[in-house]
Amino acid sequence: MALVISKGVSSSSSTHQPKYFDVFLSFRGQDNFHGFISHLYEALRLRGIHTFIDDKLPRGEKVPVELLKTIENSLMSIIIFSENYASCTWCLDELAKIVECKKNDQLVRPVFYKVDPSKLRKQNGKFCKALAEHEKSIKDYKKVQRWKNALQEATNISGWHYKHSSSEFKFIQGIVEEISNSKLNRTPLSVARYPVGINYRVKTILSDIKSNDACMIGIYGPAGIGKTTIAKAIFNRICDHFDGFCYLENFREKSGTNDGVIELQEKLLFEILKDKNIKVGNKYRGINMIKERISFRRILLVLDDVDKWAQIENLLGGCDWFASGSKIIITTRDKHLVATSGKCFSTYEVKDLDQDEALELFSLHAFQSKKPKKDYLELANQVIQYTKGLPLALVIMGADLCGRTKLEWKSAIDKYERIPNKEIQKVLEITYEGLDETEQNIFLDIACFFKGNLKKYVMDILDSCDLNPIYGIQKLIDKCLISVDQYDKLSMHDFLQQMGKDIVRRESPQLLGERSRLWCYEDVLDVLTENTGSKNIRGIMICSTESSKIQLEPKCLEKMKNLKFLIVSNVEICGDLEYLPNGLKVLDWHGFPLSSLQSNFRPQKLTILNMPESRVIMYKLLERIQCKSLTRMNFQSCQYIRELPDLSIASPNIKQLNLRECIKLVEVHDSNGCLDKLESWDLTGCVELQIIPSFIMMKSLKFLILYECKRVEWFPDIPEEMENLKFLSLAYTAIRVLPSSFGNLIGIVRLDIGSYFYSCHLPSSIYKLQYLRKLVLHGHVQFPKDVEIGRQVLCNSYGDFSKYDFLVLNFLKNLTSCFNHLKKCLLSRSENLNFQDGIMRFTGLNFLLIEDSKFLKKIPKLPDSIRSVYASNCISLNSQSLRKLFLQFGRNLGLAPNMKCSGVKCNVLLDSHSRQIDYSSQLPLSKFFLIEEELRPTLDAYLIDFGERYNIIVPENKIPKWFNHQSIESSISFWVGPEFPSFAFCIAFHLVPLKDSYANNVKCNSLRDDIISWVCVVNIFTNGHKRPFMQQPIFQCLKCDHLWFYGVPHSQLQQKFGDLMQGDRNHVKVSCKISHWASEFGNFAPVIARMGAHVECICPPQNSIIIHNNSQNADDKSATLTTLSSHLYYLLSPLSMFHVSLSRFRRRRTSTSSNP
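Residues numbered from 1 in each chain as written. Predicted model: local features only at pLDDT ≥ 70, side-chain atom pairs only at ≥ 80, totals over all residues. Heavy atoms only, no water.

Across its full length, the protein carries 31 helices and 43 strands. Taken across its 1156 residues, the protein has 57% of its residues classed as buried. Considering only contacts in the protein between residues 6 or more positions apart, those separated by 24 or more positions represent 69%. Element-wise, carbon and sulfur atoms account for 48% of the exposed surface of the protein, whose accessible area totals about 49,000 Å². (Helix = DSSP H or I, 4+ residues; strand = E, 2+ residues; numbered from the N terminus. Buried < 20%, exposed > 50% of the residue type's maximum accessible area, 1.4 Å probe, protein only. Contact = heavy atoms within 4.5 Å. Areas by Shrake-Rupley, 256 points an atom, 1.4 Å probe, with all protein chains shown as cover.)

Following this line, the structure appears as structure tokens:
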């Protein structure tokens, strides 16, 4: 039994409040308390080993719960088996508990005090007699058997045998020495004052460690993200499972010299072998000593902050000699270091804290509580937005603001945004300093000018500057200084961007014109108006937050001989600039005021020429340009361009040409059909365009967009096969017949074609398009007469069309014929939509879009391949066909409609729910266009298949009554088991009148006198942790209430959220918010009326609700289920089917911007 010892803790107090102990002593006090036990305890105490010994608890028949907890909370138990140990039921209960804890990895060692271990193992002598007496007196066979089993297991553990002839002093010293040198004698590493968000990240890595045989685990991420904190927590959690362990911190810094390497080698040997006398002499001898002494042991080794593989080789000579089961964990800022280390390496990327975690960590440092004070909440949220989840910044800024007044907070926050915190910057700059000069220049260019731009675009610019961007940008990605999003745009943490800009500021703190880069509008204005520029300036960005006019001296750029980048936006420059540096690589000038470039400008080195909304005249401009380096030109919305001259001489290497909405453009020179390097050509909205090249031979062309070129009546001949063209849009042109050579576009993946005003006839050669996956048909499109329009699917003259990967459709009257593999089908505003059961023949169809059809009454049973149905503003659809559609999608997900939630107890009457309009999220159309533009994916994204995800958008506001969780709020919660199951949710959007005069026009089946668009944010919290799952979907051009169904299978959800699952019960919360919305006529606004979820749940019985809804805007009077609980996450995929260009506000829908 025990005495409470060491560190000043009394025995009585510790039994009432169980604490953590190094050692728990179990013994029979009447046998040896005043001798051996007291001497053993005192020796342990003097060695600093925190030991529990019970000498105060009153004896009874049952061991107190507090004592059992103390056993659980001890690192090690020592059982002193004495002659009469088994006669005490108290001791036997302790023993049974100790053996139970041993199964949970507690260390257990027996001491055989003046007894023969062999007799104990056989349970002979007094032990056998005592157990027999217990059987008679207790008459509880199971309990006695538990004692016997515990005795059997404990006595078979290797321990210490004390004999009568032994020296008790030496025997005790031997025990203490062995315990002192064991795993027990370690102080856990200090992890963090407030380890917010650490546990589940540690759990994820530990799960990975257990699930694979990788010897090495790499934890990577940017500076200040928490890599060291996580590594320490893992070390503390698992080190006791190894024969030896060692944590080497500041590894990068210490391994920089031979003396540092030797110091690390000696520390490693000491930590594993506990021999203070080991000296290695030199690092080469140290490598051999480490291999010889450690190679047969299972060890845990953590190398914190590694940035080169050579550092590990200098220490260990390699990592291929460790004993099986050993684990080497490294933390690094270099993804490449861990990504290229072979199959024996597993990796884990540390991500930013989510918003809730960030607020909690910051609050603990700023307020010493998990939440901020109410009157500081707004200020605290400003800090959270600024820090973007970087733990280092949250800790430093929280401590800095702790105890300060609100005025001081406001002043400090303003300072943070202008002047980086030196303590944070010092940590972040370590990675930057490890780059070479070229890589540093790339980083600073991106930080100052090109964050948010497409990677390919930036690489063209940097390549023209001889900065080797293919290697350099990848190096920055590997070093976690930049990242590339799903749409290939360069991204950078705000702190890293601020660090880059601060590095440039420090080049010349006082003389602005001596800096290498200028981006701040006020600084630029000062340099240009005062004419204080210099040859040091590499780039200038003249961008104002508000539309501005400035007057500049004609030669204000003359001193900037090395200027590479000139970017002008939202600024009208009065007066003619007489000088542009000939070394310019980028001329990006929105609203360029001249018809051509300056006569003394020699743009031979120009790579990017962007002049949207400018007054340029193409033939005059091209007279000034003879530039082989030019790769990208943007003349969007230039109203003075009437013709596009021959580019093959002026810019033969052009890759991207944007002429969108050049509404006066009439003719494109014939030779431009042979631009070999052109990859993307956008002529969207060139409504006067009539003459285009007679033929196209462009081997690099990937995108050709002629959307809404209303006067284009014919398509060029394709004399040779073009395998690279993937996306062709001919929608809303006047093209009625395609050439027979159209089949040479063999690589097409997506084709948009058709018009409401003309019937377009497709040639037979279209059947050669074996890679076609997305066919978007507008209005009337006729397929070749060789294919029957009726019940006969194919004409024999074409043989077996199963080899073709597309579906043959005819929308002139009915949907009838098909091939098996077309993936997507869109109809727009067709007036004769009488779907028959023949649609079941479309066995490969997975997307069906029908827009603005007042006549569509029924969606029939669809093929099992269908994943998405989008029937916007189709107000005649009946509820019965919609119900079947929802049930079909539920079955596809494996969600039976009869799944019930056990949390339902009572009924409540639910009247119509009045939702408040969030006016703060309303935007004018112009600003909503910018949001749409920001969220709009690149053209490449239109070709992506996002996998098995199920979507429905239909005019409706009733959640299907079989959904087993429903809520009138904008969030819904439930409990699930150890894995994230398949799951579907529904959100009902209601259009609410903004004016009293429209109050009566609110029925679901009526079109509003308005066109509404909004951005929706859906968050999923798993056990309180939020994680984004997709880009925000945009719902556009809706005119009535709509219901959105979205379902995801188990496999995808488990992949996204599996690391957040904790045990057998996990809490999930789905929340939805309309983050931005716009009304074309200002009559209505969107609100979330209700939500539903259908999932196989394990919700506990609680006061959940069965909803009966009697309002016209709710479900019918059938019962629907609701449970209300906690947190959840982004569950969306790129819902591109809702992502349609907002140009429809200005004219007809731009289908090239949709991604069905």
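There's more to say after this.
A few words now on the environment of E133. Tracing the chain through its elements places E133 in helix α6 (residues 125–138). For E133, a relative accessible area of 43% translates into the label partly exposed. A sequence separation of 46 residues divides E133 from S87, and the C-alpha atoms of the two residues are 8.4 Å apart.

Attention shifts here to helix α24 (residues 494–505). The end-to-end C-alpha distance of α24 is 16 Å, a good match for the 16 Å that twelve residues give at a rise of 1.5 Å each. Across the twelve residues of α24, ten count as buried, placing the element largely inside the fold. For α24, the complete set of buried residues consists of F495, L496, Q497, Q498, M499, G500, K501, D502, I503 and V504. Of the surrounding elements, those touching the buried residues of α24 are α17 (377–387), α18 (391–401), α19 (406–418), α20 (422–433), α21 (437–450) and β14 (517–518). (Expected span 1.5 Å × (residues − 1).)

Glancing now at the environment of D1064. Its place among the elements puts D1064 in the loop between α30 (1050–1057) and β40 (1066–1079). Look at D1064 and you get exposed, because its relative accessible area is 58%. For the pair D1064 and I1098, spaced 34 residues apart in sequence, the C-alpha separation works out to 9.7 Å. Once you skip the residues sitting within four places of it in the chain, D1064 turns out to touch V976, G977, P978 and I1098.

This next bit is on the pattern of salt bridges. On inspection of all chains with the given rule, the structure shows 28 salt bridges. Between D400 and R404 there is a salt bridge, with its nearest N and O atoms 3.7 Å apart. Among the residues examined, D400 registers a relative accessible area of 31% and is labelled partly exposed. Through salt bridges with shared partners, a single network forms among K69, E72, K97, E100 and R146. (Salt bridge = Lys/Arg side-chain N within 4 Å of Asp/Glu carboxyl O.)

Okay, helix α23 (residues 469–478) next. Counting buried positions along α23 yields seven of ten residues, so the element is predominantly enclosed. Considered for burial, the residues of α23 that qualify are P469, G472, I473, K475, L476, I477 and D478. Turning to α23, the residues buried within the fold contact α15 (335–339), α21, α22 (455–464), β12 (483–484) and β13 (490–491). Residue C480 follows α23 closely and has a positive phi angle near 60°.

What follows deals with unusual backbone geometry. It is generally the case that most residues other than glycine have a negative phi and that most peptide bonds are trans. The phi dihedral of D305 falls on the positive side, at around 75°, and the residue is not glycine. With respect to the helices, strands and loops of the structure, D305 is situated in strand β9 (residues 299–306). Taking relative accessible area as the criterion, D305 reaches 15% and is therefore assigned buried. Even without glycine at this site, K388 takes up a positive phi of about 55°. With respect to the element layout, K388 can be found in the loop between α17 and α18.

Axes are the key here: two packed helices are described by the angle between their axes and the distance separating the axes. As a packed pair, α6 and helix α7 (residues 141–155) sit with axes 10 Å apart at the nearest point and diverge in direction by 160°. Taken together, the axes of α6 and α7 lie roughly antiparallel to each other. Both α6 and α7 take part in a crossing whose hand is right-handed. Judged by residue contacts, F127, L131, H134, E135 and I138 of α6 engage V144, W147, K148 and L151 from α7. Split into classes, the residues belonging to the contact of α6 with α7 amount to six nonpolar, one polar and two charged. (Axes fitted to C-alpha atoms, helices over the stretch in contact; angles between N-to-C directions. Parallel < 35°, antiparallel > 145°, perpendicular 65-115°, else oblique. Left-handed = near helix turned anticlockwise from the far one by under 90°. Nonpolar A, V, L, I, M, F, W, Y, C, P; charged D, E, K, R; others polar.)

Glancing now at the sheet that holds β9. Taken in spatial order, the five strands make up an open sheet running β8-β9-β10-β7-β11, and their pairing is parallel. At either margin of the open sheet sits one strand with a lone partner, and together these are β8 (244–248) and β11 (345–349). The average undirected angle you get between the axes of adjacent strands in this sheet is 15°. Alignment of strand β7 (residues 216–220) against β11, held across five bridges, turns out to be parallel. (Pairing = 2+ DSSP bridges.)

Burial within strand β32 (residues 950–954) is extensive, with five of its five residues counted as buried. A two-sided burial pattern is seen for β32, the buried positions comprising Y950, I952 and V954 on one face and N951 and I953 on the other. Here three bridges tie strand β30 (residues 868–872) to β32, and the two strands are oriented parallel to one another. Within β32, the position partnered with S868 by the bridge is N951.

Within a regular strand, the side chains alternate between the two sheet faces. Counting buried positions over the five residues of strand β38 (residues 1034–1038) gives five, a clear majority of the element. Pairing of strand β36 (residues 1012–1022) with β38 involves three bridges; the strand directions are antiparallel. In the sheet register, V1015 faces β38, and the bridge partner there is I1034.

Let us now look at the packing of aromatic side chains. For the structure on display, the rule yields 43 aromatic pairs. Note on F36 and Y113: the rings are 4.6 Å apart at their centroids and 35° apart in plane angle, and the pair reads as tilted. Here F36 is found in helix α2 (residues 29–46), whereas its partner Y113 is found in strand β5 (residues 107–113), with 77 residues between them in sequence. In this pair, the class of F36 matches that of Y113, namely buried. Aromatic ring contacts, followed pair by pair, group F974, F980, F983, F985, F989, W1014, F1035, W1044, Y1046 and F1057 into a single cluster. (Phe/Tyr/Trp six-rings, centres within 6.5 Å; stacked < 30°, edge-to-face > 60°.)

Put simply, helix α12 (residues 258–273) and helix α14 (residues 309–316) touch, their axes get as near as 9 Å, and they point 60° apart. Taken together, the axes of α12 and α14 are oblique relative to one another. The element α12 and its partner α14 pack so that their crossing is right-handed. Here α12 contributes V261, L264, Q265 and L268 to the contact with α14, which in turn contributes N314, L315 and L316. Residue composition of the contact of α12 with α14, by class: five nonpolar, two polar and no charged.

Another point: the side chain of S868. With respect to the helices and strands, S868 occurs in strand β30. Within the structure, the side chain of S868 is placed 3.3 Å from the side chain of N951, a separation counted as a polar contact. (Polar contact = N/O pair within 3.5 Å; in protein donor to acceptor, adjacent residues only side chain to side chain.)

As for its position among the elements, R1008 is in the loop between β35 (983–993) and β36. Within the structure, R1008 has its side chain in polar contact with the backbone oxygen of L991 (distance 3.4 Å).

As a further point, take the confidence of the model for the protein. On average, residues of the protein score 81 in pLDDT, and 83% of them reach the 70 mark or higher. Low confidence marks residues 786–822, where pLDDT is under 50. Its contacts with residues over four positions away, or in another chain, come to 103 contacts. This stretch, residues 831–839, has a pLDDT under 50; its non-local contacts, to residues over four places away or in other chains, come to 22 contacts. (pLDDT = per-residue confidence, 0-100.)

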